[in-house]
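Secondary and tertiary structure notes
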Amino acid sequence: MKITVAGEKKEVADGLTVAALIEQEKVETPQYVTVSINEEFLESGTFESTVLKEGDEVEFLYFMGGGR
Amino acid sequence: MKITIKRSDFNSIYEHAISVAPEEACGLIAGTDNEDGSRDIQKVYILTNIDHTNEHFTIDPKDQLKTIKEMRENGLKPLGNWHSHPESPSRPSEEDKRLANDSKASYLILSLMEEGNPVLNAFHVETIDGEKTVRKEELIIKEDE
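What comes next concerns the included structure. Just so we're clear, the structure is a prediction, and the values are computed from it rather than from any experiment.

Helix and strand content of chain A: one helix and six strands. Mapped from its N terminus to its C terminus, chain A presents α and β elements in the order β-β-α-β-β-β-β. Relative to a compact globule of 68 residues, whose C-alpha radius of gyration would be 11 Å, chain A shows 12 Å and is just as compact. Considered along the principal axes of its C-alpha atoms, chain A spans approximately 45 × 25 × 20 Å.

Helix and strand counts for chain B come out as three helices and eight strands. In chain B, the succession of α and β elements from N to C terminus is β-α-β-β-β-α-β-α-β-β-β. By the burial criterion, 37% of the 145 residues in chain B qualify as buried. Considering only residue pairs separated by 6 or more positions, chain B has 63% of its internal contacts joining residues 24 or more positions apart.

Backbone hydrogen bonds hold the strands of a sheet together, and the pairing may be parallel or antiparallel. All names here are of chain B. Reading around the barrel, the seven strands line up as β1-β3-β2-β5-β6-β7-β8 and close back on themselves, with mixed pairing between neighbours. With strand direction ignored, the average angle separating the axes of adjacent strands in the sheet is 35°. Where strand β2 (residues 26-33) and strand β3 (residues 39-47) come together, eight bridges link them in antiparallel fashion. By the bridge assignment for β3, Gly27 is matched with Ile46. Its contacts with the sheet place helix α1 (residues 7-20) against β1 (2-6), β2, β3, β5 (77-85), β6 (106-111), β7 (119-128) and β8 (131-142), and it is angled at close to 25° to β3.

Let us look at the interface of chain A and chain B. Residue-level contacts link 17 residues of chain A with 23 residues of chain B. Among the secondary structure elements, those contributing two or more residues to the side of chain A that touches chain B are β3 (33-37), β5 (57-62) and β6 (65-67) of chain A. Grouping the amino acids of the side of chain A that touches chain B by side-chain chemistry returns six nonpolar, seven polar and four charged. The pairing of β6 of chain A with strand β4 (residues 56-58) of chain B spans three bridges and is classified as antiparallel. Looking across to β4 of chain B, one finds that Gly65 of chain A is bridged to Thr58 of chain B.

The next point concerns the sheet that holds strand β2 (residues 8-11) of chain A. Sheet architecture is open: five strands sit in the order β2-β1-β5-β3-β4 (chain A), paired in mixed fashion. For this open sheet the edge positions go to β2 and β4 (40-41) of chain A, each flanked by a neighbour on one side alone. Where β3 of chain A lies against β4 of chain A, two bridges are found, and the strand directions are antiparallel. Each residue of the ladder has a partner; that of Ile37 of chain A, found in β4 of chain A, is Glu40 of chain A. Sheet strands touched by helix α2 (residues 61-73) of chain B: β3, β4 and β5 of chain A. Its angle to β5 of chain A, the strand with the most contacts, is close to 120°.

Another point: α2 of chain B. The first and last C-alpha atoms of α2 of chain B sit 18 Å apart over 13 residues, in line with the 18 Å expected at 1.5 Å per residue. Contact partners of the buried residues in α2 of chain B: β5 of chain A together with β2, β3 and β5 of chain B.

Another point: the pairing of β3 of chain B. Residues and elements named next belong to chain B. Sheet analysis places β1 next to β3, joined by two bridges and oriented parallel. Bridge assignment links Ile3 to a residue of β3, and that residue is Arg39. Taking the residues between adjacent antiparallel strands as the criterion, β2 and β3 are bridged by five residues, where Gly37 takes a positive phi near 90°.

Attention now goes to the pairing of β2 of chain A. Residue and element names in this part refer to chain A. Pairing of strand β1 (residues 2-5) with β2 involves four bridges; the strand directions are antiparallel. Across the sheet, Thr4 pairs through a bridge with Lys9, a residue of β2. The antiparallel pairing of β1 with β2 creates a hairpin that spans two residues between the two strands, and Ala6 there sits at a positive phi of about 50°.

Basis of the calculations
- Residues numbered from 1 in each chain as written.
- Chains lettered and ligands numbered in written order.
- Predicted model: local features only at pLDDT ≥ 70, side-chain atom pairs only at ≥ 80, totals over all residues.
- Helix = DSSP H or I, 4+ residues; strand = E, 2+ residues; numbered from the N terminus.
- Rg over C-alpha atoms; globule rule 2.2 N^0.38 Å.
- Buried ≥ 20, exposed ≤ 12 C-beta atoms within 10 Å, placed from the backbone.
- Contact = placed C-beta atoms within 7 Å.
- Pairing = 2+ DSSP bridges.
- Axes fitted to C-alpha atoms, helices over the stretch in contact; angles between N-to-C directions.
- Nonpolar A, V, L, I, M, F, W, Y, C, P; charged D, E, K, R; others polar.
- Expected span 1.5 Å × (residues − 1).

Dropping the structure here:
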């Protein structure tokens, strides 16, 4: 199936989970990554159980924050 | 790494940071990566610090997502973020380092601690052997064409 990851169209296996996509994409420090699918943010802890669908648009976002 | 920012973009973030001080100001940067390994910031985005304090900043992930999509629509790449230190130097604090987890990002810090003399530096932060390692990037403020 075709999905879009960080703005790039990709062909991936049917039934791919978000956790598997994170591994496939070699996402750095995934424990600090927030995932959105079609502009909806996933709850943390649901990456293993969330199965991607044809046409999904996935973004990996790093928390952007800091302090003095 | 060499990274450039336009004078007008520098002025934009400085003016905004002054206007919201003593709260920390923040936003994202977008542009292009060049073949020689340098990068050019072509647009700065001023976003809301949802913490509204002088001690911390957080960018709302919804704002972040919307801005990243806008960058792509304009043919630009997300290059990192910027934030101000109203009362401290232009270097990553321990909290900045703890929360810097994207080794592809440039982290820009604008210090306002000396009135009338803003200092902007760019940093690369990477975790090596479990330790956060900070490297200063060569930031060049380019006069607008």
